[in-house]
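Coordinate inspection notes
Here's the letter readout for the chains.
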Amino acid sequence: MPAKPKFYLTTPIYYTNGLPHIGHTYTTVVADVIRRYKRMRGYEVVMTTGTDEHGVNVERAAKNAGVPESEFVAKMADAWRALWEELGLSAEEFVRTTDLRHVRTVQWLFKLCRENGYVYKGHYTGQYCIYDNAFVNDAKPGDNCPDCGRPTETLTEENYFFKLSAFQKPLLDFYKKNPDFIQPESRKNEIVSFVEGGLKDLSITRTTVRWGIPVPGEEPHVFYVWFDALTAYLSAVGGPDYEKRGMWPADLHLVGKDIIRFHTVYWPAFLMAAMLPVPKQVWAHGWFLMDASKMSKSKGNVVLPRPIANMLGMDALRYFLLREVVFGQDGNFSYDALVTRYNSDLANGLGNLASRTAAMIEKTFAGRIPKAGKLEAADEALARETQAGIGDVLDYFEKMNFARALESLWTVIAAADKYLTTQKPWSLGDSEADMQRKANILATTAELLRIVTVLAHPVLPDSTAKIWTLLGQPGSVCAVELDGLRWGQLTTGAPLGKPQTLFPRVEKSEAIERIESMANEELNPSTAPAPAPATATSAGSGAAAAPAASEKIGIEDFAKVEMRVGQIKTAERIVGADKLLKLTVDIGTEIRQICAGIAQFYEPDSLIGRKVAVVTNLAPRKLRGVESNGMIIAASVGPEGRPVLAGFPEDVEIGARLK
């Protein structure tokens, strides 16, 4: 049996100056979609992501955190890796630029370039901030430091330089011989124009930076930025022994448009100088913009992936990112557009088609997909449209036009909805002819749904796996070979799987409020709901440190706290909040909504009718998008601070004041 063709793709090696936002997630989602798609086309696929952990900014961040650089970057790398795993985006290779395998690869690449005559020692002159001990990129004499705002000085240091100027013609020749190397076309034109304008030699080491990979025998030189970070793509798949792994050169580098120059000019030049294979393609995507500007934490317009995934599911975020914007172009991100697409395309579209098809089969054919008989014109027309859709979707996937691929797929879903509306299987009777007609209609719809499920799997891995099980199809959807996908392969007669909620509709304003509340807690931990005092349970879901024994309060302070007897009327869990319950509590004069952090210790049903002590004069606050208007009193028991609700052994009137 012939070996599978290989496909090696990478995300950028992300800088560890913060945790992933939606921009990082976008690139990683695209890589994961391509990985799943290529596997379903028979490729052996390796995907690499990782963290770029060197440089003066890491030095500063570690110093501010009061920890060694190695400890700081290890924690950051663990956080990145954990989030990707949580979101279902873990790669085959996660490379850190502090890994020993990477250090050796960088030093090996430098040695090859130097031996081939493309590295020399010289002096770098630039603007230096003496307060931050760092060169300021792109600054001119007289400019202030963008970090501290104080004047920079012109400083010269000894560096090693790479002869980038020697690669103007080789690069232009390479672009001409490999017209698809840079994508999209607009970025290719930009890079060709840049190279035609002339290339300057590049400083690839620093002596003023301490935290970096050392140049062997040339201390205090350390490798600078791109010579270090770019090499991670090679070190991830074998480094000096890349031929044994068999994955290099990379088939695809996925990058943001702001770093395309480094990947299409510097990186191929380094590899050419070392006489190593050059990657086959670099795709630069655009940005998701908020308020017409690029997202950044400093601007306060960052969108985080975890709150969206917690509220709507990761498949919803994947679908939106790929459907909303043509890959390669900029696009605007808004929660309004996200929830609108979720409800219209996923809840009302794919989710509704799957649930109504399964429900009709369950009701009419005892939960087993019937076998179709002689098809009528409407059935055959839908089959032809679906078969044509297979070719369209695969063609768009090959061209990385994910938005058009999904548009084509949802056209097929719309055709199925129209087909059911016009054929009306629910209006047919129980005669032999009517039952056969119902069998044809539902088998045709189930076959269309099977094909849609296979084609959508790279984008919607979790929900399509559920639909596959719901349809009672054998094996797993990820194992279906796309090249052999065609109409007429539906397995009939097998029992349907257990119905599952795929995409429950959400109320837009409530969903957005909850997402924003969760994001605010993640971005600003200090403003997250404070844990309750040791004698109370509120939205914080845990016990805060009680005032020190020496901190006394006067009776007048205690008198400000108003507490009453309340009775819990309803209790339910809050989506995306493992510790919170939403309660409605009768306090005598009104019914209050209160959030309590007791979900891990009390079942909602067990609380109904229970009388509790309630602090009633706290200012309202929103927790996970839900308003909490009061606090339930509890004791904090044991080392883990388990909450035990305060209660009343005697019958006490609701609304009675506690003194």
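What you see is a predicted model, and the numbers here were worked out from it, not measured in a lab.

Broken down by element type, the chain carries 20 helices and 25 strands. Summarising its shape, the C-alpha atoms of the chain cover approximately 90 × 85 × 40 Å along the three principal directions. In the chain, which comprises 659 residues, the share counted as buried stands at 52%. Pairs at least 24 apart in sequence give 74% of the contacts found in the chain among residues at least 6 apart.

Next up on the list: the sheet that holds strand β11 (residues 252–256). Strand order in the open sheet formed by 6 strands is β3-β2-β1-β11-β12-β7, with parallel pairing between adjacent strands. Because the sheet does not close on itself, it has two edges, and the strands there are β3 (93–96) and β7 (182–183). Where strand β1 (residues 6–15) lies against β11, 2 bridges are found, and the strand directions are parallel. From the neighbouring strand, Thr 10 faces β11, where its bridge partner is His 253.

The next point concerns the packing of helix α1 (residues 22–40) against helix α12 (residues 314–324). Two numbers describe how α1 lies on α12: the axes approach to 10 Å, and their chain directions differ by 95°. Classed by the angle they form, the pair α1 and α12 counts as roughly perpendicular. Where α1 approaches α12, its residues Ile 22, Thr 25, Tyr 26, Val 29, Val 30, Asp 32, Val 33 and Arg 36 are matched on the opposing element by Met 314, Leu 317, Arg 318, Leu 321 and Leu 322. Along the lines of polarity and charge, the residues of the contact of α1 with α12 split into 9 nonpolar, 1 polar and 3 charged.

Between its first and last C-alpha atoms α1 spans 26 Å; for 19 residues at 1.5 Å apiece the expected length is 27 Å, and the two agree. A large share of α1 lies buried, amounting to 16 of its 19 residues. Directly after α1, the chain includes Gly 42, whose backbone phi takes a positive value near 95°.

Let us look at the packing of aromatic side chains. Within this structure, the stated rule accounts for 30 aromatic pairs. Centre to centre, the rings of Phe 110 and Phe 227 are 6.3 Å apart; their planes meet at 85°, and the pair counts as edge-to-face. Linking Phe 110 in helix α4 (residues 100–115) with Phe 227 in helix α7 (residues 226–229), this pair joins segments that are 117 residues apart in sequence. Phe 110 sits in the buried class, given a relative accessible area of 3%. Both rings, one in Trp 226 and one in Phe 262, keep their centres 4.0 Å apart while their planes meet at 15°; by these two values the pair is stacked. Here Trp 226 is found in helix α7, whereas its partner Phe 262 is found in helix α10 (residues 260–273), with 36 residues between them in sequence.

This next bit is on the pattern of salt bridges. Taken as a whole and assessed by the stated rule, the structure comprises 42 salt bridges. The partner of Arg 36 in a salt bridge is Asp 32, with the nearest N and O atoms 2.7 Å apart. Linking Arg 36 with Asp 32, this pair stays in helix α1, spanning 4 residues, or about one helical turn. The salt bridge partner of Asp 99 is Arg 101, with a shortest N-O separation of 3.8 Å. Within the structure, one salt-bridge network assembled from shared partners comprises Asp 32, Arg 35, Arg 36, Arg 39, Glu 92 and Arg 318.

This brings us to helix α14 (residues 377–398). Compared with an ideal rise of 1.5 Å per residue, which puts 22 residues at 32 Å, α14 spans 32 Å between its outermost C-alpha atoms and is within 8% of the ideal. By the burial criterion, the buried members of α14 are Asp 379, Leu 382, Ala 383, Thr 386, Gly 389, Ile 390, Val 393, Leu 394, Tyr 396 and Phe 397. Taken around the axis of α14, the buried residues stretch over an arc of 155°, which confines them to a single face. Facing away from the buried side of α14 by more than 90 degrees, the exposed set consists of Ala 377 and Arg 384. Buried positions along α14 lie against α1, α15 (402–423) and α16 (432–456). One or two steps after α14, the chain reaches Met 400, where phi turns positive at roughly 60°.

Quick look at the environment of Phe 162 now. Topologically, Phe 162 is positioned in strand β6 (residues 153–162). For Phe 162 and Thr 205, which are 43 residues apart along the polypeptide, the C-alpha to C-alpha distance reads 9.5 Å. Once residues within four sequence positions are removed from consideration, Phe 162 is found in contact with Cys 113, Tyr 118, Val 119, Phe 167, Asp 201, Leu 202, Ile 204, Ala 269, Phe 270 and Ala 273.

The next subject is the pairing of strand β20 (residues 611–615). Working note: regular strand, side chains alternate between the two faces of the sheet. Within β20, 4 of the 5 residues are buried, leaving the element largely enclosed by the surrounding structure. By the bridge criterion, 5 bridges tie strand β17 (residues 563–574) to β20 in an arrangement that is antiparallel. Paired with Met 563 across the bridge in β20 is Val 615. Relative to strand β23 (residues 631–637), β20 runs antiparallel, the two sharing 2 bridges. The residue bridging Val 615 from the neighbouring strand is Met 631, located in β23.

To continue, consider the sheet that holds β6. Pairing is antiparallel across the open sheet formed by 4 strands, whose spatial order is β5-β4-β6-β8. Two strands in the sheet have a free side with no partner beyond their single neighbour: β5 (134–135) and β8 (202–203). Direction of pairing for β6 relative to β8: antiparallel, over a ladder of 2 bridges. Paired with Phe 162 across the bridge in β8 is Leu 202.

Next up on the list: the confidence of the model for the chain. Averaged over all residues, the pLDDT of the chain equals 89, while 92% of them reach at least 70. Across residues 527–550, confidence stays below pLDDT 50; counting only partners more than four residues off in sequence or on other chains, it has 55 contacts.

Tracing the backbone through its elements, the reader meets Ile 467 in helix α17 (residues 461–470). Judged by its relative accessible area of 0%, Ile 467 falls in the buried class. Between the C-alpha atoms of Ile 467 and Ala 354, which are 113 residues apart in sequence, the distance is 6.9 Å. Look past the residues within four positions of Ile 467 in its chain and what remains in contact with it is Leu 350, Ala 354, Leu 449, Thr 453 and Leu 502.

Another aspect to go through is the pairing of β23. In this structure, β23 lies alongside strand β24 (residues 642–645), joined through 4 bridges in antiparallel fashion. When the sheet's bridge partners are listed, Val 637 is paired in β24 with Arg 642.

Gln 183 connects to Pro 184 through a cis peptide bond whose omega is 0°. Within the secondary structure layout, Pro 184 lies in the loop between β7 and α6 (185–196). In this structure, Pro 220 follows Glu 219 across a cis peptide bond, with omega equal to 15°. Note on placement: Pro 220 falls in the loop between β9 (205–206) and β10 (222–223). Although it is not a glycine, Ala 366 sits at a positive phi angle of roughly 55°. Relative to the assigned elements, Ala 366 resides in the loop between α13 (335–365) and α14. Since its relative accessible area comes to 64%, Ala 366 is described here as exposed. Despite not being glycine, Met 400 shows a phi value in the positive range, around 60°. If you trace the backbone, Met 400 turns up in the loop between α14 and α15.

The rules behind each value
Residues numbered from 1 in each chain as written. Predicted model: local features only at pLDDT ≥ 70, side-chain atom pairs only at ≥ 80, totals over all residues. Heavy atoms only, no water. Helix = DSSP H or I, 4+ residues; strand = E, 2+ residues; numbered from the N terminus. Buried < 20%, exposed > 50% of the residue type's maximum accessible area, 1.4 Å probe, protein only. Contact = heavy atoms within 4.5 Å. Pairing = 2+ DSSP bridges. Axes fitted to C-alpha atoms, helices over the stretch in contact; angles between N-to-C directions. Parallel < 35°, antiparallel > 145°, perpendicular 65-115°, else oblique. Nonpolar A, V, L, I, M, F, W, Y, C, P; charged D, E, K, R; others polar. Expected span 1.5 Å × (residues − 1). Phe/Tyr/Trp six-rings, centres within 6.5 Å; stacked < 30°, edge-to-face > 60°. Salt bridge = Lys/Arg side-chain N within 4 Å of Asp/Glu carboxyl O. Arc of directions from axis to C-beta. pLDDT = per-residue confidence, 0-100.

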